[in-house]
Structure formats: structure tokens, C-alpha cells
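Observations on the three-dimensional arrangement
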Amino acid sequence: MKHIALVTGATQGLGYAIAERLLAAGFRVALTGRNLQGAQKVAAELDPTEDAAMGLALDTRNKADFEDALAAVQARWGALHVVVNNAAITQSTPVMQISQEEFDDVIAVNQRGTFFSCQVFGAHMAEAGYGRIINMTSLAGQNGGTSTGAHYAASKGAIITLTKVFAKELAARGVTVNAIAPGPIDSPMVHALVSGERLDALTAGIPVRHLGNAQFIGELVVQLARPEADFTTGATWDVNGGLYMR
Ligand SMILES: NC(=O)c1ccc[n+]([C@@H]2O[C@H](COP(=O)([O-])OP(=O)(O)OC[C@H]3O[C@@H](n4cnc5c(N)ncnc54)[C@H](OP(=O)(O)O)[C@@H]3O)[C@@H](O)[C@H]2O)c1
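**Brief notes about the side chain of Thr-137**
Secondary-structure assignment places Thr-137 in the loop between strand E5 (131–136) and helix H5 (140–143). Relative accessible area serves as the criterion here: at 3%, Thr-137 is assigned to the buried category. Setting aside residues no more than four positions away along its own chain, Thr-137 makes contact with Lys-156, Ile-159, Ile-160, Ala-179, Ile-180, Ala-181, Pro-182 and Thr-236.

Following this line, the structure appears as C-alpha cells:
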């Protein structure tokens, strides 16, 4: 049986690369985004036969969207084994200027979304006795962030904690929960946030002297999504070019 995965925020950047690597490794993948047409477009792009990929609308601000996505995947493929909580918004507003509305927005998409995803999909996986949940956090959640905002960094720190909470809750039921904490990756988000000379300075400050690779993040997700990855849970996997060692 092919294993079945769902990736949130798969319409661009790391989510797209993760979906691509999962498909290449033989998984069936539901690619999700806020907008159905956008999700269906990337699914068709990655799998023109439309046998192994499908696009679904899933806004991480709504718990009901996770329940609907689970029902849709089960209706199409009969099971769901892997969830990658990748969707996030990244704002870089200076800490003393963040409004209540903007703070709540970032926390709702990034942190609350990851919480309800782990709750809804985790319950289903525990019932089935098998599952792999992979949460995208960030170096910013470990070191407080540099180019990104306080709300973003706080949400990513919380995701590291949620990863441990759900890992403990689900470990005895065959479900592992891990996090990946990338430093700056060569991706549309980093180029939108930092450009020109600032990007050169950022790169020069990375011990390995280059940005990270999105395809490698996808390969790491594939490793953690395999049945063999049954002895790592509650862990945060650092991919930061040596920017943060612990
Ligand atoms: N790029 C990096 O260097 C880097 C570094 C550290 C951590 N990360 C983490 O890696 C993940 C992916 O980053 P990225 O750079 O690929 O981000 P990105 O390019 O900004 O993509 C974010 C994705 O999230 C989706 N999204 C936004 N709001 C959403 C919502 N309310 N509900 C559902 N989906 C939503 C977007 O899709 P739609 O707009 O179509 O909905 C998009 O596909 C994030 O968790 C980020 O924190 C990235």
C-alpha cells in the first residue's frame, strides 16, 4: 500500500518542495492551501496523472478545515498516515510596533493551526495505531529570530513545545511527532524578506556560507515520514548551516 500524506501550505516554497520529495518517494500527497484553485494547480503540476496528488482547501485558522480535509483524504484514498504542518505566515514588523490584530493573526495561522492539526489528525492516527506528524518550526523559535518578527519567533517556539506535548500524548499509539527547525533556506520567503546587500551579509554570517536547500528539507521530511522512523519523537531536527549549535 502506498503511504498517504497531507502537507499544509504546499502551494509554494518549502511546502511545495516537501510535497515534491514525498511524491518522488512514492507517497500519495494531498497538497493544501487557503485557496482550492491554488492547491489544485500545484497538485496537477506535480502529478499530471492526478493519481498520486490532490489539491484541497485548508485554512489553518479553522479547526473544521482539518476535519474536512481528513474526510476528503479518507474518501479518496481510505487512510492518512503522514501530516506535515508547514503552513505559516512570516511578518517582520519591529517588536514594539506589532498590533494586537497582527499578533493574533500570526499566532492563529502558525501556532493554533499546528495545535488543531495535531489534535485532529493525531486522534485519527492514534485510533489507527500508526502515524507520522512533522511540524515545521524555525531557528527563530530557538534563538528569538533575526530577520523575522517577535510573533513569528514566539509561534515557532511554541511549535517546538507542542511537538513535545503531542509526542508524549501519542507515543504509545504508534504515532511519532517531530519538528524541523530550518535556518535561512533559499526560498521565495527569504528572498522577499531579505534582498541585495542584506542577503549577502546574511549569507556571510552563516558558518557554512550559503543558504539551505529546500529539497534537502523535503528529503528530511521523507526520512521522518517512513515507518522505520519509529525511534525519534518529540525531537527538533536542526538544519541551520551551523548558525545555532546545541
Ligand atoms: N524559508 C525559510 O528559510 C524558512 C526558515 C525557517 C522556517 N521556515 C518554515 O518553513 C515553513 C514554510 O516556509 P516557506 O518559506 O515555504 O513559506 P512561504 O513561502 O511563505 O509559504 C507559506 C505557505 O503557507 C500557506 N499559508 C499561509 N497562510 C495560510 C493559512 N492561513 N492556511 C493555510 N495555508 C496558509 C501559503 O499558501 P497560500 O497562500 O496558498 O494559502 C504558502 O503555501 C514555514 O512553517 C516556515 O516558518 C522557513
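**Examining the nonpolar core**
With 32 residues, the main nonpolar core has Leu-22, Leu-31 and Ile-180 as its most contacted residues. Of all the secondary-structure elements, those providing two or more residues to this core are strand E1 (4–7), helix H1 (13–24), strand E2 (28–33), helix H2 (36–46), strand E4 (82–85), E5 and helix H9 (214–225). Core analysis: the next-biggest nonpolar cluster, separate from the first, contains 26 residues, Leu-58, Phe-121, Met-125 and Ala-167 among them.

**Some details on the packing of H1 against H2**
At their nearest, the axes of H1 and H2 sit 11 Å apart, and the two run at 40 degrees to each other. Taken together, the axes of H1 and H2 are oblique relative to one another. Classified by chirality, the crossing of H2 by H1 is right-handed. Along its contact with H1, which presents Tyr-16, Ala-19, Glu-20 and Leu-23, the element H2 presents Val-42, Glu-45 and Leu-46.

**As for the confidence of the model for the protein**
Summing up the model confidence of the protein, the mean pLDDT is 97 and the portion of residues at 70 or higher is 99%. Here helix H7 (residues 188–193) stands out as the least confident element of the protein, with mean pLDDT 92; E4 is the most confident, with 99.

**Considering helix H4 (residues 100–128)**
The terminal C-alpha atoms of H4, which comprises 29 residues, lie 40 Å apart, in line with the 42 Å expected from a rise of 1.5 Å per residue. Maximal helix bending in H4 amounts to about 40 degrees, located at Ala-108. Following H4 by one or two positions, Gly-129 has its phi on the positive side, about 80 degrees.

**Details of the site of the ligand**
Around the ligand, the surrounding shell holds 29 residues, and the nearest of these are Thr-11, Gln-12, Arg-34, Asn-86 and Tyr-152. Contact distances for the ligand include 2.8 Å between an oxygen atom and a backbone N or O atom of Leu-14. At 2.8 Å from an oxygen atom of the ligand is found a side-chain nitrogen or oxygen belonging to Lys-156. Protein chains shield 92% of the accessible area of the ligand, which is 890 Å² for the free molecule. If you map the ligand onto the pockets, it falls in the largest pocket. Every element with two or more residues in the shell around the ligand is listed here: H1, helix H6 (150–170) and H7.

**As for the pattern of salt bridges**
All chains considered together, the criterion is met by four salt bridges. The partner of Lys-41 in a salt bridge is Glu-45, with the nearest N and O atoms 3.8 Å apart. Taken together, the positions of Lys-41 and Glu-45, both in helix H2 and four residues apart, correspond to about one turn of that helix. The partner of Asp-59 in a salt bridge is Arg-61, and the shortest N-O contact between them spans 2.6 Å. Note on Arg-61: relative accessible area 34%, which makes it partly exposed.

**What about the pairing of E5?**
It is a general feature of regular strands that their side chains alternate between the two faces of the sheet. Summarising burial for E5: six of the six residues are buried, a large majority. Residues Gly-131, Ile-133 and Asn-135 of E5 are buried on one face, and the alternating residues Arg-132, Ile-134 and Met-136, pointing to the opposite face, are buried as well. Here E4 runs beside E5; their pairing, made up of four bridges, is parallel. Bridging from a neighbouring strand, Val-84 pairs with Ile-134 of E5. Tracing the backbone out of E4, into H4 and back to the parallel element E5 gives a crossover that is right-handed. Looking at chain direction, E5 and strand E6 (residues 175–182) are connected through six bridges and run parallel. Bridge pairing in E6 places Ile-134 opposite Asn-178.

**A few points about the pairing of strand E3 (residues 53–57)**
Of all five residues in E3, four are buried; the element is thus mostly enclosed. Here E2 runs beside E3; their pairing, made up of five bridges, is parallel. Among the inter-strand pairings, Gly-33 is bridged to a residue of E3, identified as Ala-57. In terms of handedness, the path from E2 via H2 over to E3 forms a crossover that is right-handed.

Basis of the calculations
- Residues numbered from 1 in each chain as written.
- Predicted model: local features only at pLDDT ≥ 70, side-chain atom pairs only at ≥ 80, totals over all residues.
- Heavy atoms only, no water.
- Helix = DSSP H or I, 4+ residues; strand = E, 2+ residues; numbered from the N terminus.
- Buried < 20%, exposed > 50% of the residue type's maximum accessible area, 1.4 Å probe, protein only.
- Contact = heavy atoms within 4.5 Å.
- Core = buried A, V, L, I, M, F, W, Y, C linked by side-chain atoms within 4.5 Å.
- Axes fitted to C-alpha atoms, helices over the stretch in contact; angles between N-to-C directions.
- Parallel < 35°, antiparallel > 145°, perpendicular 65-115°, else oblique.
- Left-handed = near helix turned anticlockwise from the far one by under 90°.
- pLDDT = per-residue confidence, 0-100.
- Expected span 1.5 Å × (residues − 1).
- Bend = angle between axes of the 7 residues up to and from the residue.
- Near = heavy atom within 4 Å.
- Polar contact = N/O pair within 3.5 Å; in protein donor to acceptor, adjacent residues only side chain to side chain.
- Areas by Shrake-Rupley, 256 points an atom, 1.4 Å probe, with all protein chains shown as cover.
- 1 Å grid on protein atoms, 1.4 Å probe; cavity = no way out; pocket = protein on both sides within 12 Å on 5 of 7 lines; lining within 4 Å.
- Sits in = over half its atoms within 2 Å of the grid points.
- Salt bridge = Lys/Arg side-chain N within 4 Å of Asp/Glu carboxyl O.
- Pairing = 2+ DSSP bridges.
- Right-handed = clockwise from strand over helix to strand, strands pointing away.

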